[in-house]
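# Fold and contact review
Single-letter residue listing:
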Amino acid sequence: MKSAGLLVLSIVAATAFSGVMPAVRGADAPAAPLLGFDAASSATQRAIEARFDDKLDPAQMRTWMKVMAARPHHLGSPYGKYVADYVAHQFKSWGYDTTIETFHVLFPTPRTRVVELVTPQHVRLRLDEPALKEDGTSAQKNEQLPTYHAYAADGDVKGALVYVNYGVPKDYEELDRRGIDVRGKIVLARYGGSWRGIKPKVAAEHGAVGCIIYSDPRDDGYFRGEAYPKGTFRNQWGAQRGSVMDIPVASGDPLTPGVAATRDAKRLDRKDALTLMKIPVLPISWGDALPLLQALGGPVAPVDWRGALPTTYHIGPGPAVVHMKLAFDWKVVPAYDVIARMVGADRPDEWVIRANHHDAWVNGAEDPISGLVTLMAEARAVGELARTGWRPRRTIVFAAWDGEEQGLLGSTEWAEAHADELREKAVAYVNSDGNGRGFLNAGGSHTLEPFVAEVARDVKDPQRGVSVADRRRAYDLVSASPDERKELAAQTGLRLAALGSGSDFTPFLQHLGIASLNLGFRGESDAGSYHSIYDSFDHYTRFVDPDFRYGVALAQVAGRAVLRLAGADTLPLDFGAFADTVGRYVKEVIKLCDDMRTETEAHNKLVVDGTLVTAADPKEGLVAPKLKQVVPFVNFAPLQNALLLLHKAAGAYGHAAADRAKSGRELSADARARLDGVLRKAERALTRADGLPQRPFYRHQIYAPGFYTGYGVKTLPGVREAIEERKWRVVDEQIARLAPTLEAFTAEIESATAAVNR
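Anyway, here's the lowdown on the structure attached to this text.

Cut-offs and rules
Residues numbered from 1 in each chain as written. Predicted model: local features only at pLDDT ≥ 70, side-chain atom pairs only at ≥ 80, totals over all residues. Heavy atoms only, no water. Pairing = 2+ DSSP bridges. Helix = DSSP H or I, 4+ residues; strand = E, 2+ residues; numbered from the N terminus. Salt bridge = Lys/Arg side-chain N within 4 Å of Asp/Glu carboxyl O. Buried < 20%, exposed > 50% of the residue type's maximum accessible area, 1.4 Å probe, protein only. Contact = heavy atoms within 4.5 Å. Phe/Tyr/Trp six-rings, centres within 6.5 Å; stacked < 30°, edge-to-face > 60°. Lys NZ or Arg CZ within 6 Å of the ring centre and 35° of its normal. Expected span 1.5 Å × (residues − 1). Arc of directions from axis to C-beta. Polar contact = N/O pair within 3.5 Å; in protein donor to acceptor, adjacent residues only side chain to side chain. Axes fitted to C-alpha atoms, helices over the stretch in contact; angles between N-to-C directions. Parallel < 35°, antiparallel > 145°, perpendicular 65-115°, else oblique. Left-handed = near helix turned anticlockwise from the far one by under 90°. Nonpolar A, V, L, I, M, F, W, Y, C, P; charged D, E, K, R; others polar.

### Remarks on the pairing of strand β4 (residues 155–163)
- Of the pairings in the sheet, the one linking β4 to strand β9 (residues 321–342) comprises six bridges and is antiparallel in character. Residue Gly-159 lies in a different strand from β9, and its bridge partner there is Val-322.
- Bridge count for β4 against strand β5 (residues 186–190) is three bridges, and the pairing is parallel. Residue pairing in the sheet places Val-162 in a bridge with Val-187 of β5.

Structure (structure tokens):
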């Protein structure tokens, strides 16, 4: 899994622009103190980081990747256990207290996979990725999982085929406008537009009996560049495996919601599990999709529904009729989480957690091993520092999760097993999920935004020599709209993206309320090997990061984040950035409501006047539009009032911290410990024990995966999604819940200010 989107816009322009970005500080100017450090401790910290950098070895990353990506190592596989043991052995050799914690989780694998076109002619789909002589591990057929979707339903179904574009809710609105019903039918969707699990979820809600998802070359293949093995993009028979567990409802083992999946845990009956998909669903290649599309009739698809295959894209239904037969072996298998600890010298009960997963769908060189070898390089370098007598102030926990690909299983079960301890001790969680070449992608809690900007300022881009912060900022400026560019130009730092889901930060941030980051490089190496047998050592070292220079860059970024969080005198959180960001979110939901009202009024007027009725064209399959539900007045005053208090408290904390730093007055050790206690738990105040509507697992009230986007984030999710779904009573309820949540967070800021002033 990955949560970051592809960076495909204006890369050449951004690269050129980066050369003229102003330097953050002149070469001869004295370095300002780091966030959370005073001048003396900042100098010490920078010296430690220079030693850390010297110990990062790209050749070792290459060696580790070659070993771990040598064979398929999915959840429950023999080589998956070997990889876990291999990582644990490395951690132990570097001086860490290392354990493997085992959980027992549901993981179905296929026994039967049949998809065939029945009418107008018979075509049985291949459902197979061929070995390539250019890819040394692609022929390991006996160990490879076949192309399938984990947690799809068993089923033997037949129905007329309907092409539904990306298969997201707005695509079904277009089908409704055309009078096309998918009840009792099988839908064909292309990858893109949302996370894969949304497509069968929405299809089932509309009455479809089966779902097929294919990779169209416009989005993921020859339309973007040369196909593998000549180039890096997905080839004719490449297919994207993946989970379709309903992660927007909850991550983790489907049979043990809310508790750790230990061997003797009480488990649900499978029919009662809420996150299992309700209909059969299977991924296919564009080579298999082409005869299905060619057999479709009905209206021609709208322009923005058309892919790059050599056929006219029709919607259907029929005359194509498809038969699907899927059956799975529903086993409970072990998941092995590798946990390595270096206990802090001063504050051992404050934990900084750094993690990446180790399981893959097949060989997984890029996803996840490229991120894991970076984490291992960081852990080795920290271990080498410790051999010289240095120790971190706070405890550092390195983790390599299992079962991430199926639905964040290993991380969620570990978080549930240690929930009380994590709520008390966790300072921050720093995640990666593979790595590539290009621009820094950074997302996370906005209390950490200035901190990440400072870290990124201090790391050089391997290709351009400017800081990774400057290069990312240049990309953002070049690819932004004129209005966005004006806003970005007024900022001095790096903006963090809000986090949805798709990687292991989810249980820590959105369930437990632990400030989190997700880091990686993307943009110049994104390609079509994702979740296929071609995500291999050969592919990675030819096309992605051949010399592992960006592996070193990510280790420098994530390593600095961990070292500074673990070593800071006081935790480097900033409430001003958070207040500004939440202010932007509040403006967005107010504008969303106003825009919906304006659009609805205009639409309904045209319907009543008869203007839109004449737009219905029976020859195009269009039906007359209906009146839309009127948007009522929504009282956002509680949010706006809470936001004013939040801004005031954030400003007061910033002034208090600045005044103390300027005066040279240091907090006592006890006062620092008290302040840290407030700061590390501040994010918890943004959670509610009863969670979001329809999904109590997601407790964070500022960030959540969208119920119909999956990986994509919804900010202020309770309010925003209720507006989008026109549930006006729920909108009022969610405003009444969110406002006191912001007030509780404001109270935490005021406590921190009092600790600084004490």
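### Let's talk about the pattern of salt bridges
- As enumerated under the stated definition, the model contains 51 salt bridges in all.
- In this structure, Arg-393 engages Asp-346 in a salt bridge whose closest nitrogen and oxygen atoms are separated by 3.0 Å. Of this pair, Arg-393 sits in the loop between α9 (365–387) and β11 (394–401) while Asp-346 sits in the loop between β9 and β10 (347–357), and the two are 47 residues apart along the sequence.
- Taking relative accessible area as the criterion, Arg-393 reaches 22% and is therefore assigned partly exposed.

### Quick look at the environment of Ala-399
- Tracing the chain through its elements places Ala-399 in strand β11.
- Along the backbone, Ala-399 and Val-105 are 294 residues apart, and their C-alpha atoms lie at a distance of 18 Å.
- With near-sequence residues (within four places) excluded, Ala-399 lies in contact with Val-338, Ile-339, Arg-354, Ala-355, Asn-356 and Leu-375.

### Regarding the packing of aromatic side chains
- Scanning all chains against the criterion turns up 28 aromatic pairs.
- Ring centres 5.9 Å apart and planes at 55° place the aromatic pair Tyr-163 and Tyr-313 in the tilted group. Taken together, the positions of Tyr-163 in strand β4 and Tyr-313 in the loop between α8 (286–295) and β9 put the pair 150 residues apart, joining distant regions of the chain.
- Every member of this aromatic cluster is reached through a ring pair, and the members are Trp-64, Phe-91, Trp-94, Tyr-96 and Phe-398.
- Note that Lys-201 overlies the ring of Phe-707, its terminal NZ or CZ placed 3.4 Å from the centroid.

### Here we look at helix α2 (residues 39–54)
- For α2, which comprises 16 residues, the first-to-last C-alpha distance of 23 Å matches the rise-based estimate of 22 Å (1.5 Å per residue) to within 8%.
- Of all the residues in α2, the buried ones are Ser-41, Ser-42, Gln-45, Ile-48, Glu-49, Phe-52 and Asp-53. One face of α2 carries all of its buried residues, which in axial projection span an arc of 140°. Those residues of α2 that are exposed and angled more than 90 degrees off the buried face are Ala-39, Ala-40, Ala-43 and Asp-54.
- On its buried face, α2 sits against α9 and α18 (549–567).
- For α2, the N-terminal cap is Asp-38; the gap from its side-chain oxygen to the backbone nitrogen of Ala-40 is 3.2 Å.

### Quick word on the packing of helix α20 (residues 637–663) against helix α23 (residues 728–757)
- The interhelical angle for the contact between α20 and α23, taken along N-to-C directions, is 15°, at an axis separation of 9 Å. In terms of orientation, α20 lies roughly parallel with respect to α23. Where α20 crosses over α23, the handedness of that crossing is left-handed.
- Looking at the contact of α20 with α23 residue by residue, the classes come out as 19 nonpolar, three polar and three charged.

### Here we look at helix α5 (residues 169–177)
- Three or more residues of α5 are buried, namely Asp-171, Tyr-172, Glu-174 and Leu-175. Taken around the axis of α5, the buried residues stretch over an arc of 150°, which confines them to a single face. α5 presents Lys-170 and Glu-173 as exposed residues on the side facing more than 90 degrees away from its buried surface.
- Next to the buried residues of α5 lie β4, β5 and α6 (198–205).
- Gly-179 lies just past α5 and shows a positive phi near 70°.

### A look at the side chain of Glu-721
- Residue placement: Glu-721 occurs in helix α22 (residues 717–724).
- Looking at Glu-721, the relative accessible area reads 10%, which means it is buried.
- A polar contact is formed between the side chain of Glu-721 and the side chain of Arg-695, at a distance of 2.7 Å.
- Leaving out residues up to four positions away in the same chain, Glu-721 has contacts with Arg-695, Gly-706, Phe-707, Tyr-708 and Lys-714.

### Here we look at unusual backbone geometry
- Between Tyr-228 and the following residue, Pro-229, the backbone shows a cis peptide bond with an omega angle of 15°.
- One can find Pro-229 in the loop between α7 (217–220) and β7 (242–243).
- With a phi angle near 55°, Leu-127 is a residue other than glycine that sits in the positive phi range.
- When you line up the elements, Leu-127 lands in the loop between β2 (123–124) and β3 (149–150).
- One non-glycine residue, Arg-726, lies in positive phi territory at about 60°.

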